[in-house]
Amino acid sequence: MTEQTPDSAQPSGPLAGQTSSAKKFRILVCIDGSEESYRGLRYAARLGNGVDADICLLYVRAVDQGLRTGGLQVRVARENMLNWGLELPGIKHLEKGRDMLMRLVSMEGEWDEKTVHRDVEGDPLGDNVTVYTNHQDKKLILKLKVASDIATGILEQWDQFKYCLLYTSPSPRDGLLS
């Protein structure tokens, strides 16, 4: 689990190796599908536009959540899910967040799209990241992360990339806050 994805352009955090005038403000918004999490996304979009921040939408799911292969080879199961257009757990929440950002954040001009997959032991689908980057190097990141539990996944993401601001909703999905 050491491969870097596009949201890890600076190995020691988002501000490492940059001059103080070029430091990027990075916001991590944890999406769980609740209206409160999308309210936080709207706030992050307003704040991010004002400071020209990179925004990462994170959905954390438990290892192999709802994806038991029933004896199928894991790689085949993963490929079949993607080829058949089946929705991975959390994807619809990230897509809704992406669509909201496209309306709320100035998405004018060309945005490059890059998708990265990273295998995670014990999970057939692993971590998946889509990064949208414009000509000014502003990034909108959608990340479907696998972890042993939600809180651990959020803390791993925060610790790995040293975001400037973190938003989690107070809704108790899967017992996160209960």
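Residues numbered from 1 in each chain as written. Predicted model: local features only at pLDDT ≥ 70, side-chain atom pairs only at ≥ 80, totals over all residues. Heavy atoms only, no water.

A. Expanded view of the overall build of the chain. Of regular secondary structure, the chain possesses 4 helices and 6 strands. Going from N to C terminus, the chain has its helices and strands arranged as β-α-β-α-α-β-β-β-α-β. Here the contacts in the chain between residues at least 6 apart in sequence split such that 67% fall between residues at least 24 apart. (Helix = DSSP H or I, 4+ residues; strand = E, 2+ residues; numbered from the N terminus. Contact = heavy atoms within 4.5 Å.)

B. Summary view of the sheet that holds strand β5 (residues 139-147). Taken in spatial order, the 6 strands make up an open sheet running β3-β4-β5-β2-β1-β6, and their pairing is mixed. A single partner strand is all that each edge strand has here, and the edge strands are β3 (111-120) and β6 (165-167). If you compare each strand with its neighbour and ignore which way they point, the axes differ by 20° on average. Together, β1 (26-30), β2 (54-62) and β6 form the strand contacts of helix α1 (residues 35-51), whose direction differs from that of β1 by roughly 170°. The sheet contacts of helix α4 (residues 150-161) involve β1, β2, β5 and β6, and relative to β5 the element is tilted by about 135°. (Pairing = 2+ DSSP bridges. Axes fitted to C-alpha atoms, helices over the stretch in contact; angles between N-to-C directions.)

C. Spotlight on the state of the cysteines. As enumerated under the stated definition, the model contains 0 disulfides in all. Between Cys56, a free cysteine, and Cys30, which holds the nearest cysteine sulfur, the sulfur-to-sulfur gap is 8.4 Å. (Disulfide = S-S within 2.5 Å.)

D. Main features of the nonpolar core. Counting residues in each nonpolar core, the largest one holds 20 residues, and the members touching the most others are Val29, Leu41, Ile55, Leu57 and Leu101. Broken down by secondary-structure element, the contributors of at least two residues to this core are β1, α1, β2, α3 (91-104) and β5. Among the elements that line this core, the one with the most residues is α1, at 4 residues. With 13 residues, the next largest nonpolar core counts Val129, Val131, Ile141 and Ile154 among its residues. (Core = buried A, V, L, I, M, F, W, Y, C linked by side-chain atoms within 4.5 Å. Buried < 20%, exposed > 50% of the residue type's maximum accessible area, 1.4 Å probe, protein only.)

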